[in-house]
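If you want the building blocks of each chain, they are given just below.
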Amino acid sequence: MKGIMFNIFESFIIKNFNDEAWEEILEDSCVDETVFISPRSYDDNIFATLLNTALQLKQLPIEKTLVSFGRFAFSKLAKHSHHLVEKYDNPISLLEELDGIIHVEVRKIFKGAETPKFIAKRIDDENLELTYISKRNLPYLVEGLIYGLADYFGKDVSLKWEQDLENYKFHITFK
Amino acid sequence: MLNEEILKKKLDREKEARLLLEGEIEKTTRELFQSNEFLENIIDSLQNGILILNSNRELVKANKTFYQMMNIEYGDDLPPVESFIWEDCESKPEHELENGVDYELYLKNIDGQFIPVYLSQSTITNNKNENYILSFKDLSEIKKIENDFASFARFNPAPILRLNHQGKIIQMNPSAEKKLSESHPEKSFLDLFKKTDSQEILNLSKNGGSLSETILLGNEYYVMSFKGIPELNYIHVYGFNITQRIKSETEKQELQDELVKQAYSQGVAENAIQVLHNIGNVLTSIMGKITTKNESEILNRNTQLLSQMASKLESPEFRQEMDENKLKQLGALMKELSSYFQSHQSIFFEANNYIAKECKHIGDIITTQQQYANLKTQIKSKFSLEGIIQDCVVMHEHRIQKRNINLIFDINDAEVFVEKIGLSQTISNAIVNAVEAMDEDYALFQKDYYYIVIYTKRNEDSVELFIEDNGIGIEEEVLNNLFKYGYSTKERGSGFGLHNCANYMKNNGGKIEILSGGRGQGAITKLTLPMAKE
Ligand code: HEM
C-alpha cells in the first residue's frame, strides 16, 4: 500500500478524533514504521494492523468505518490528483475511465501502486454497473469512495452491491 | 500523554518525513538526470546556447539554441570548436577557462556574423570523467540597448552620461563632454553633487531606481537625473537644462513641452528596463529571506530545484518527449513536497512558501514584461482595459502584498483605443502613488486596514477608471500643483511623473484627475479614456 493511503488514514483519524488518538494507534499497534511518505510502498499488513488497532481502541464497526474512510479518502485523492479529476463533469464518465485512465495515471505517479481492477458498464445517464476485482477485497471501501465521488460532483447517489464469485458487482444510481 | 509530548512526537515524525521526501526527490531526480534523453531535453530547452565537451575538450553535444545562434540546421555538422570563436578575443574558450566566470566575447556564426555573448564554463564530473559545459548567453539585445542609448545620446543637446558601478564615466555624449570640461575639468563627476550621497547613487547600479539633483554647470542650471540599470550594472545620467525656466517665466511653457517630449521618449525606451528592475527587487527580497534563515538553506536548495523543475515540467513541448512515467513521478513528488511545506507552520516552512510564491510572481512579471517589451511604438490600438489593469497590478503586486494592502476590483471591462505603453505607465503610476500614500499614512496613523479599490464606470463613448486608496490623501494646495512639470512631493521622482501622465492622457483623447478630501482622507485617481469604436 502506498504511503499516501497511510497519510490519508492518519488525517481521517485526526479529523474524527485527535492527534492523541493517532499517537495511541501507532503505539498500541507496535508497527515498525511510524513515518509514512506518499511515494513509498509499505506492507499491506501494516495498514491492516493500524486499521484493526483503531477499530479496537475506538470500538468502531469495520464496515461503517471503511465506508466513511472511503468517502473521506476520495476527497483527499481528488485534491491530490486534481488534474486527473478536473476533466470530468459527472461521476459516471469518471467511473468509466477509472480503470483505463485514472488508475493508470496513478500507477505512473506512484511507482509500485497496486490499484484494483474495475469493469464499468453504463446503463444510461444515471445508472452504472461497476465490477470491483481485487485481491484486497474491500467492497466497503469502494462504497465509501463512490459516496465521496458523489459528494465531489454534488450528486445524490444510491447503490447496492452483491458478491459475484471473487468479485463484487455494484449497481449505482446518481441523481 | 501530555499535549506537548504529542506535539513533539508529531513534529519529529514530520521532520523525518520531510527528510525522507527530500531523499526521494534527490533519488528520482538523479535517476532522471542519468537518463541521457532527459538531460538532452533540458539542454535543448534552455535559452542559452550550450556546448558539452568531454575531458579531451571534444564536442559531445550542442543544443538547439546553439545551432540557432550559429545559423546551422539542427543536427548538421558543426565546425570545430575553436573556429567559431572570434580569434581576436582576449580569452579563447578552448584554453583554461575559470569556472563560473563570465567572459565577454563574440561568437562567429556560419555567415561570418559576430554575435556578442557571455561565455561561462562549468565542469561536471560523471563517472570520474570530467565534462565541460560551455554556456553562451546572447547579448545582442543588451548590446542593442547599449547602442540605442549611445545613438539617443549622441545627437541629444542635453548632457547624457553612463557611469559604471564605481561611478566612473564610461561613456558620455559630446554635450556632456563639453559642459564638464568647460566648468569642472578637474573634478570627479560625482563630486559635483553636494546634496546626494555618492553611495546612494552607486547603489542604483545594483538596485535600479532613480535620483536627481539640480547643479550648476558653468552658468547654467541642470537637473541631473540618475537612473540605475541593474542588468548592465550601469547608471545612466540625463541632464535637463532648466536655466531658461529659472530665468524666464514666459518661455516656460515651450521648454516644458520640450522636456516632456524628451522625458516621454526616454520613458518609452526604458519601459523594458523598468520592469526588469521589479524582477530584481523580488529576487533581492528572496535573497534576503534566504540569508536570514540559514537553517533553511538545504530546504531552499530543494525548493529552488523544485520550482525550476516544476516550471520546466509545465511546458508541454518539454513533456512530450520525456520518459513519461519518470517525469510524472517527479512532478508528483515535487507537488507533494511543496504542499508539505505549505501545510506546516514554522518559520522554516514560511520561508519556503514565500520563495515558492515569489518564484511564481517572477514568472508573472516576466510574462507581462515580454508583452510590453516588443511594443516600443506610440501607435494607438484597441485593447481590453481590464487586461492592462491586471498586467499593471502584476507588475506591482510585490509592493502591494508587502504592505498587506487589500486590493479590490470592480471592473466592467471595456475596449479602449489609446497608446498602450503610456496607459500602462499611467496606471502603474497611480498604483505606485496609492501604495506610497499608504506608506506615509502608516508612518503617521497606523490604520488597521488599507485598501486600493480599482473600479470602472462606462459612459456612452468613454470609460472612467478609478483607482482609490485610503492613504494619506492630498492637501488642496498640493492638488492644484500636481500636474505641473517638475512638481513632486517625493524625493525620488518616478521618471514618468503625473505631468507626463496628464500629457499622455490629453494626447490620447482622455483626461486624468486626482481627487482628495485633504490630508488623511485618501485619494482617487480618475482616468477618462476613449472607448474603441466597434
Ligand atoms: C481521484 C481519483 C483517484 C485516485 C487519485 C486514486 C488513487 C488510488 C491510490 C493511490 C490507491 C492506492 C494503491 C496502492 O496503495 O497500492 C488506490 C487504491 C484504490 N482505489 Fe483509487 N483512486 C481514485 C479513484 C478511485 C475511485 C473513484 C474508486 C472506486 C470507485 C477507487 C477505488 C480504489 C480502491 C478500492 C483501492 C484499494 C486497493 C484495492 O482494492 O486493491 N479509486 N487508488
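For clarity, every value in this text was computed on a predicted model and none was experimentally measured.

Help me get a handle on the overall build of chain A, residues and values and all.
Helix and strand content of chain A: seven helices and four strands. Start at the N end of chain A and walk to the C end: the helices and strands fall as α-α-α-α-α-α-β-β-α-β-β. Evaluated residue by residue, chain A yields a buried proportion of 48% over its 175 residues. Long-range contacts, defined here as pairs at least 24 residues apart, represent 60% of the contacts in chain A between residues at least 6 apart. Just so you have it, chain A exposes about 8,800 Å², and 49% of that area is on carbon and sulfur atoms.

Can you explain the packing of aromatic side chains? Please cite residues and give values.
As enumerated under the stated definition, the model contains 26 aromatic pairs over all chains in all. Look at Phe-9 of chain A and Trp-22 of chain A: their rings are 5.9 Å apart centre to centre, the planes differ by 75°, and that puts the pair in the edge-to-face class. Of this pair, Phe-9 of chain A sits in helix α1 (residues 3-16) while Trp-22 of chain A is found in helix α2 (residues 19-29), placing the two residues 13 residues apart along the sequence. Through a chain of ring-to-ring contacts, three or more aromatic side chains come together here, namely Phe-6, Phe-9, Phe-12, Trp-22, Phe-36, Tyr-42, Phe-47, Phe-69 and Phe-72 of chain A. For the cation-ring pair, Lys-420 of chain B lies above Phe-383 of chain B, with the distance from its terminal atom to the ring centre recorded as 5.1 Å.

Summarise the pattern of salt bridges; cite the residues concerned and give the values.
Using the criterion set out here, one finds 23 salt bridges over all chains in the structure. As a salt-bridge pair, Arg-13 of chain B and Glu-23 of chain A come within 2.9 Å of each other at their nearest N and O atoms. Pair noted here: Arg-13 of chain B is in helix α1 (residues 3-34) and Glu-23 of chain A is in helix α2, and the two residues belong to different chains. On the basis of relative accessibility, which here comes to 11%, the residue Arg-13 of chain B falls in the buried class. The partner of Arg-71 of chain A in a salt bridge is Asp-151 of chain A, and the shortest N-O contact between them spans 2.8 Å. You can see Arg-71 of chain A sitting in helix α4 (residues 62-80) and its partner Asp-151 of chain A sitting in helix α7 (residues 139-153), a full 80 residues away along the chain.

I'd love a proper account of the coordination of the iron atom of the ligand, names of residues and values included.
Here the protein supplies the iron atom of the ligand with just one donor, His-103 of chain A (NE2), and that contact is 2.2 Å long. Looking at the element boundaries, His-103 of chain A is found in helix α6 (residues 91-109).

I'd love a proper account of the side chain of Asn-470 of chain B, names of residues and values included.
Residue and element names in this part refer to chain B. Considering the arrangement of structural elements, one finds Asn-470 in the loop between β15 (462-469) and α15 (476-481). At 2.9 Å, the side chain of Asn-470 forms a polar contact with the backbone oxygen of Tyr-449. Within the structure, Asn-470 has its side chain in polar contact with the backbone nitrogen of Tyr-451 (distance 3.0 Å). Setting aside anything within four residues of it in sequence, one finds Asn-470 in contact with Met-438, Asp-441, Lys-447, Tyr-449, Tyr-450, Tyr-451 and Gly-522.

Tell me about the environment of Thr-53 of chain A, and please be specific about residues and values.
Residue and element names in this part refer to chain A. By the element assignment, Thr-53 lies in helix α3 (residues 44-58). Sequence separation between Thr-53 and Cys-30 is 23 residues; the distance between their C-alpha atoms is 9.7 Å. Excluding anything up to four places from it in sequence, Thr-53 contacts Ile-25, Asp-28 and Ser-29.

Kindly report on the site of the ligand, identifying the contributing residues and their values.
All names here are of chain A. The immediate surroundings of the ligand are formed by 23 residues, with Lys-2, His-103, Glu-114, Tyr-132 and Ser-134 found nearest. Within the backbone of Lys-2, an N or O atom sits 2.7 Å from an oxygen atom of the ligand. Note that an oxygen atom of the ligand is positioned 2.7 Å from one of the side-chain N or O atoms of Ser-134. Contributing elements (two or more residues each) for the shell around the ligand: α4, α6 and α7. No other element matches the five residues that α6 contributes to the shell around the ligand. Here the residues of the shell around the ligand are counted per class, giving 17 nonpolar, three polar and three charged.

Tell me about the packing of α2 of chain A against α3 of chain A, and please be specific about residues and values.
Residues and elements named next belong to chain A. For the pair α2 and α3, the least separation of the axes is 9 Å and the interaxial angle reads 115°. Classified by chirality, the crossing of α3 by α2 is right-handed. In this structure, α2 contributes Ala-21, Trp-22, Glu-24, Ile-25, Leu-26, Asp-28 and Ser-29 to the contact, and α3 contributes Thr-49, Leu-50, Thr-53, Ala-54, Leu-57 and Lys-58. Tallied by class, the residues present in the contact of α2 with α3 amount to seven nonpolar, three polar and three charged.

Quick rundown of the pairing of strand β2 (residues 59-62) of chain B? Include the residues and the values.
Residue and element names in this part refer to chain B. Two strands pair when backbone bridges link them, and strand β1 (residues 49-53) and β2 are joined in this way by three bridges, in the antiparallel orientation. Looking across to β2, one finds that Leu-53 is bridged to Leu-59. Connecting β1 to the antiparallel partner β2 that follows it, the hairpin turn spans five residues, and Arg-57 within it adopts a positive phi of roughly 60°.

Lay out the nonpolar core in plain terms, naming residues and giving numbers.
Side chains of a nonpolar character, in soluble globular proteins, are inclined to be buried together. Judged by nonpolar contacts, the single largest core of 60 residues is most densely connected at Phe-9, Leu-50, Phe-170 and Ile-172 of chain A. Formed jointly, this core draws a minimum of three residues from each of two domains, domain 1 (3-60) and domain 2 (80-174) of chain A. Not counting residues up to four positions away in its chain, the partners in contact with Ile-172 of chain A are Leu-95, Glu-126, Asn-127, Leu-128, Leu-130, Ile-146, Val-157, Ser-158 and Leu-159 of chain A. Counting residues in each nonpolar core, the second largest holds 39 residues, with Ala-414, Ile-474, Val-478 and Leu-527 of chain B among its members.

An account of the sheet that holds strand β4 (residues 167-174) of chain A is needed here, citing residue identities and associated values.
All names here are of chain A. With antiparallel pairing, the four strands of this open sheet are ordered in space as β1-β2-β4-β3. Strands with a single pairing partner mark the edges of an open sheet, and in this sheet they are β1 (117-122) and β3 (157-164). For this sheet, the mean angle separating the axes of adjacent strands, direction not counted, is 20°. With six bridges joining them, β1 and strand β2 (residues 127-133) adopt antiparallel strand pairing. Residue pairing for β2: Lys-121 is matched across the bridge by Glu-129. Here α6 sits on the sheet in contact with β1, β2 and β4, set at roughly 145° to β1.

Rules of the game
- Residues numbered from 1 in each chain as written.
- Chains lettered and ligands numbered in written order.
- Predicted model: local features only at pLDDT ≥ 70, side-chain atom pairs only at ≥ 80, totals over all residues.
- Heavy atoms only, no water.
- Helix = DSSP H or I, 4+ residues; strand = E, 2+ residues; numbered from the N terminus.
- Buried < 20%, exposed > 50% of the residue type's maximum accessible area, 1.4 Å probe, protein only.
- Contact = heavy atoms within 4.5 Å.
- Areas by Shrake-Rupley, 256 points an atom, 1.4 Å probe, with all protein chains shown as cover.
- Phe/Tyr/Trp six-rings, centres within 6.5 Å; stacked < 30°, edge-to-face > 60°.
- Lys NZ or Arg CZ within 6 Å of the ring centre and 35° of its normal.
- Salt bridge = Lys/Arg side-chain N within 4 Å of Asp/Glu carboxyl O.
- Donors = N, O, S within 2.8 Å, 3.2 Å for Na, K, Ca; no water.
- Polar contact = N/O pair within 3.5 Å; in protein donor to acceptor, adjacent residues only side chain to side chain.
- Near = heavy atom within 4 Å.
- Nonpolar A, V, L, I, M, F, W, Y, C, P; charged D, E, K, R; others polar.
- Axes fitted to C-alpha atoms, helices over the stretch in contact; angles between N-to-C directions.
- Left-handed = near helix turned anticlockwise from the far one by under 90°.
- Pairing = 2+ DSSP bridges.
- Core = buried A, V, L, I, M, F, W, Y, C linked by side-chain atoms within 4.5 Å.
- Domains from an automatic or database assignment.

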